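Here is what each chain is made of, one letter per residue.
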Amino acid sequence: MFAAERRQLILEMVRANGAVSLRELARVVQTSEVTVRRDVRALEAEGLLDRRHGGAVLPGGFTRESGYPQKSHLATAEKTAIADVAAGLVQEGEAIVVGAGTTTQELARRLARVPGLTVVTNSLLVAQALAHANRVEVVMTGGTLRGSNYALVGSGAEQSLHGLRVSRAFLSGAGLTAERGLSTSNMLSASVDRALVQAAAEVVVLADHTKLGTDTMFQTVPTDLITRLVTDDPPAHDDRAAMELQALADQGVQITVAGGGPGASGAETPRPARHQRRDVPLPGQRGSRHPGPQLRSAPLPPDTAERQARVADLRRR
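Residues numbered from 1 in each chain as written. Predicted model: local features only at pLDDT ≥ 70, side-chain atom pairs only at ≥ 80, totals over all residues. Heavy atoms only, no water.

Engineer: I tried to follow unusual backbone geometry on my own but got confused; where do I start?
Structural biologist: Note on backbone geometry: most residues besides glycine have negative phi, and most peptide bonds are trans. Positive phi, close to 60°, is recorded for Q30, a residue that is not glycine. Tracing the sequence through the fold places Q30 in the loop between α2 (22-29) and α3 (33-45). Given the relative accessible area of 73%, Q30 is considered exposed. Of note, Y150 is a non-glycine position whose phi angle comes to about 55°, a positive value. (Helix = DSSP H or I, 4+ residues; strand = E, 2+ residues; numbered from the N terminus. Buried < 20%, exposed > 50% of the residue type's maximum accessible area, 1.4 Å probe, protein only.)

In structure tokens form, the structure reads like this:
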């Protein structure tokens, strides 16, 4: 495929989906991430799209929200790894809230095996994933159905959460920065997510590396309310994503990194065993408001070279 053909296809994918990861672009155009990055840089110079950490978005500063059909095909391997690790945080007999999103949908599929669990959700996708779990009780909020992501929103959803108290909230979103925290492109979704946060003793954000450094219109969870971030390991060349992780850790967010995913060259690397994770200790770590699983900790590398060496060592294990 010639460069002009590749760039036209890249542009069409971004216009159709709103945001696309470099990994997905490289897979579709059948080339390396290095080549795709050059194409994205050239398209950005023409003002046709904006670069983000590990991906490309529509121009204009704030990412618009893609619908469920588009989201369900983006960063699928990363979402699976994140969901595997997040499920390990949930204990038998807990009561939790789970927000809307394709990553939380993956989490729900794994929660079906946790006995005695109570899950409160405004997501039809989460409820569907748990519908046949005999030992899991599902509580749906009220509200108005938002068809683009199959979520219940509006005053009905928010009022049904008043007076609720659970151990943890698991949320996703369209973007995550150390400066503003978690954000989304839809005002109604943001309002319900804020109500979910108010109901939980701890907040766990599930976000793949393409969302790191992306800022969208409506803040849902400020950084100081995020207890833990579960994410995937950014590509070795993505220094900006690593810096964003460090900035989040500096603000007291506990970082858990799920292993696996393509390396810098775009070639697949072996995926670690399920539930394998790497925890980053926090400078001045906040105390947990609810006891959770004790995870193995390792310091976040201070520079890229050391970080790459540590990731390589973890993968060899």
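Alright, that's what it looks like, and here's the rest.
Engineer: Please explain helix α9 (residues 187-198) as it appears in this structure.
Structural biologist: Side chains of residues three or four places apart in an α-helix project in the same direction, reflecting 3.6 residues per turn. In this model, α9 (twelve residues) spans 17 Å end to end at C-alpha, consistent with the 16 Å of a helix rising 1.5 Å per residue. Of the positions making up α9, those classed as buried are S189, A190, S191, V192, D193, A195, L196 and V197. Regarding α9, its N-cap is N186, as a side-chain oxygen of that residue lies 3.0 Å from the backbone nitrogen of L188 further along. (Expected span 1.5 Å × (residues − 1). Polar contact = N/O pair within 3.5 Å; in protein donor to acceptor, adjacent residues only side chain to side chain.)

Engineer: Before we go on, may I ask you to explain the sheet that holds strand β2 (residues 50-52) in this structure?
Structural biologist: Hydrogen bonds along the backbone pair up the strands of a sheet, which may run parallel or antiparallel. The strand order across the open sheet formed by three strands is β1-β3-β2, and the pairing between neighbours is antiparallel. A single partner strand is all that each edge strand has here, and the edge strands are β1 (19-21) and β2. Neighbour-to-neighbour, the strand axes of the sheet open up by a mean angle of 25°, direction not taken into account. Here β2 pairs with strand β3 (residues 55-57) via three bridges, running antiparallel. In the strand pairing of β3, R52 is matched with G55. (Pairing = 2+ DSSP bridges. Axes fitted to C-alpha atoms, helices over the stretch in contact; angles between N-to-C directions.)

Engineer: Explain the environment of Q198 to me, please; I cannot follow it from the model alone.
Structural biologist: The residue Q198 is located in helix α9 in this model. Given the relative accessible area of 61%, Q198 is considered exposed.

Engineer: Which parts of the structure should I look at to understand the sheet that holds strand β11 (residues 181-184)?
Structural biologist: The strand order β10-β11-β13 describes an open sheet built from three strands, whose pairing is antiparallel. If you trace the sheet from one side to the other, it starts and ends with β10 (175-177) and β13 (218-221), each paired once. Ignoring which end each strand starts from, the neighbouring axes of this sheet average 40° apart. Most of the contacts of α9 go to β13, to which it runs at about 20°, and overall it touches β11 and β13. (Contact = heavy atoms within 4.5 Å.)

Engineer: I keep staring at the pattern of salt bridges and nothing clicks. Help me out?
Structural biologist: Opposite charge on two side chains permits pairing when their charged atoms draw close. Tallied over the full model, the rule gives twelve salt bridges. Notably, a salt bridge pairs E106 with R109, separated by 2.4 Å at the nearest N-O pair. Here E106 pairs with R109, and both are found in helix α6 (residues 102-111), just three residues apart, close to one helical turn. Each of D84, E106, R109 and R110 takes part in one network of salt bridges that share partners. (Salt bridge = Lys/Arg side-chain N within 4 Å of Asp/Glu carboxyl O.)

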